[in-house]
Amino acid sequence: MSGIKLLSTGSALPQRWLNNDDMAKIVDTSDEWISTRTGISGRYHCGQGESHTGLCMAAARQAIERAGIAPQDIGVCIVATLSPDYFTPSAACLLQSGLGMAEDTVCFDLNAACSGFVFALHTAQCLLAAARRKLALVVGAEVLSRVLDFTDRSTCVLFGDGAGAAVVEWGEDYPSLHAVLGSRGNAEALYIPGANQPHPSYIHMDGRPVFRFAVDALPRCVEQVAEQAGITLDMVDYFVFHQANQRIIDFSVKKLGLDPAKCAGNIARTGNTSAASVPLLLDELVRTGVVHSGQRVMCVGFGGGLTWGGALLELK
Ligand code: UT7
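Residues numbered from 1 in each chain as written. Predicted model: local features only at pLDDT ≥ 70, side-chain atom pairs only at ≥ 80, totals over all residues. Heavy atoms only, no water.

A.B. asks: Is there a simple way to explain the site of the ligand in this structure?
C.D. replies: Neighbouring the ligand are 24 residues, the closest being Thr29, Arg208, His242, Asn245 and Asn272. With respect to the ligand, the side chain of Trp33 contributes an N or O atom lying 3.1 Å from an oxygen atom. A distance of 2.4 Å is found between an oxygen atom of the ligand and a side-chain nitrogen or oxygen belonging to Arg208. Here the ligand, which alone exposes 960 Å², has 77% of that area covered by the protein. Taken together, the elements giving at least two residues each to the shell around the ligand come down to α2 (31-38), α6 (153-156), α7 (207-229), α8 (246-256) and β12 (296-303). (Near = heavy atom within 4 Å. Polar contact = N/O pair within 3.5 Å; in protein donor to acceptor, adjacent residues only side chain to side chain. Areas by Shrake-Rupley, 256 points an atom, 1.4 Å probe, with all protein chains shown as cover. Helix = DSSP H or I, 4+ residues; strand = E, 2+ residues; numbered from the N terminus.)

Here it is, written out as structure tokens:
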């Protein structure tokens, strides 16, 4: 069997943190509504001088430094995002020039919304099998504050900005991710109009159907990954779930009979950061020593597309 292992992580968050009372000054909402319905207490928003590119660079630099490698050692660079600074060049190409990666590095962005980081891990694993250099830089980054309608209380209180990065290494004797990825096209439940659409590029979400989708997709994905890997859920050291709503996580944890201590997240502080959510939490867990070398984490994302994706990732 061949696959990838996690060598290191990195992350970057904007300086400005808005709590729920700050949001209540912008729209008709309350700390009580936001925290009880979602588990969110605050979120980071980019200010002047901060950008998607800047967050990507900072998170990637940390991951590369912690891996003890040089940017030129990287063969594949993927940025999972739906809110890049440019449609083109890709955020990954900007990392290539900004970090000084070699020109034969495969650099591109991947849009699978909140499942993006897991899709990117799987894509990196596939590409690395054929690559000359067996290291990949995988980033999940969003600046959602720039695509929020601050007159729509049903969305603007939910989302935040940030970037998480990972360096992964491919090996012939490394375990497969056993990724389970899925897509169900739906341009009504959750969408951001593109450049060819008459409307401004704001996030639109019909929360209830997306919630129903999420509480089905998340536990199903967890079970399918475990089944594909031939393991039981108690053999997973930690579950890194997309941080969309604490109620979705609590429901899934209960349904699957998981130990809640192995599923704790950071939604209270970060809000929903879409493709950045899983790598931001992963970095926090690695940095604080909650997960460490030799352990196995299951990453699961779900959201826009609609998409879902789960993968088992072992830390080297
Ligand atoms: O990351 C991608 C995947 N995304 C998700 O998984 C998100 C899934 N959906 C959700 O997490 C939840 O549906 C939300 C948190 C978005 C909404 O929670 P909900 O319990 O489904 O609320 P709702 O949309 O059914 O709205 C309930 C009420 C409505 O008022 P009425 O019609 O009952 O009078 C809303 O107008 O809450 C109202 N409301 C608010 N009130 C105060 C909606 N947003 C707010 C707000 N503050 N910010």
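A.B. asks: Can you walk me through the packing of helix α3 (residues 52-67) against helix α4 (residues 91-99) in this structure?
C.D. replies: Helix-helix packing is described using two parameters, namely the angle between the two axes and the distance between the axes. As a packed pair, α3 and α4 sit with axes 10 Å apart at the nearest point and diverge in direction by 60 degrees. Viewed along their axes, α3 and α4 adopt a mutual orientation that is oblique. Crossing handedness for the pair α3 and α4: right-handed. From α3, His52, Thr53, Cys56, Met57, Ala60, Arg61 and Ile64 reach across to α4, where they touch Ala91, Leu94, Leu95, Gly98 and Leu99. Considering only residue class, the contact of α3 with α4 consists of 8 nonpolar, 3 polar and 1 charged. (Axes fitted to C-alpha atoms, helices over the stretch in contact; angles between N-to-C directions. Parallel < 35°, antiparallel > 145°, perpendicular 65-115°, else oblique. Left-handed = near helix turned anticlockwise from the far one by under 90°. Contact = heavy atoms within 4.5 Å. Nonpolar A, V, L, I, M, F, W, Y, C, P; charged D, E, K, R; others polar.)

A.B. asks: Help me understand the pairing of strand β7 (residues 161-171) in this model?
C.D. replies: Both faces of the sheet carry side chains from a regular strand, because those side chains alternate between them. The element β7 is extensively covered by neighbouring structure, given that 11 of its 11 residues are classed as buried. The alternating pattern of β7 places Asp161, Ala163, Ala165, Val167, Glu169 and Gly171 and Gly162, Gly164, Ala166, Val168 and Trp170 on opposite faces, both of which are buried. Strand direction decides the pairing type here: strand β1 (residues 3-12) and β7, joined by 9 bridges, are antiparallel. Counted as the bridge partner of Gly10 is Ala165 from β7. Across 9 bridges, strand β6 (residues 135-143) lies against β7 in antiparallel orientation. Bridge assignment links Ala141 to a residue of β7, and that residue is Ala163. (Buried < 20%, exposed > 50% of the residue type's maximum accessible area, 1.4 Å probe, protein only. Pairing = 2+ DSSP bridges.)

A.B. asks: Whenever I open this one, unusual backbone geometry confuses me. Can you help?
C.D. replies: Glycine aside, residues mostly have negative phi, and peptide bonds are mostly found in the trans state. A cis amide bond links Thr88 with the next residue in sequence, Pro89, at an omega value of 5 degrees. When you line up the elements, Pro89 lands in the loop between β4 (74-80) and α4. For the bond from Gly305 to Leu306, the omega torsion is -5 degrees, close enough to zero to count as cis. Here Leu306 shows up in the loop between β12 and β13 (307-315). Notably, His178 is not glycine yet its phi reads approximately 50 degrees, a positive angle.

A.B. asks: I keep staring at the packing of aromatic side chains and nothing clicks. Help me out?
C.D. replies: The relation between two aromatic rings is expressed through the spacing of the ring centres and the mutual angle of the planes. Per the counting criterion, the structure on display carries 2 aromatic pairs. Directly above the ring of Trp170 sits Lys134, whose terminal nitrogen or CZ lies 4.6 Å from the centroid. Across the ring face of Trp308, the terminal group of Arg220 is positioned such that the distance to the ring centre comes to 5.5 Å. (Phe/Tyr/Trp six-rings, centres within 6.5 Å; stacked < 30°, edge-to-face > 60°. Lys NZ or Arg CZ within 6 Å of the ring centre and 35° of its normal.)

A.B. asks: Would you take a moment to explain the pairing of strand β5 (residues 106-110) for this structure?
C.D. replies: Here 5 bridges tie β4 to β5, and the two strands are oriented parallel to one another. Across the sheet, residue Ile78 finds its bridge partner in β5, namely Phe108. With α4 bridging β4 and its parallel neighbour β5, the resulting β-α-β unit is right-handed. (Right-handed = clockwise from strand over helix to strand, strands pointing away.)

A.B. asks: Help me understand the pattern of salt bridges in this model?
C.D. replies: Side chains that differ in charge, positive against negative, can pair when their charged atoms come close. Applying the stated criterion across every chain, the model contains 10 salt bridges. Here Glu284 and Arg269 are joined by a salt bridge, their closest N and O atoms 2.7 Å apart. Separated by 15 residues along the polypeptide, Glu284 in helix α10 (residues 277-287) and Arg269 in helix α9 (residues 267-270) bring together distant segments of the chain. Since its relative accessible area comes to 34%, Arg269 is described here as partly exposed. (Salt bridge = Lys/Arg side-chain N within 4 Å of Asp/Glu carboxyl O.)

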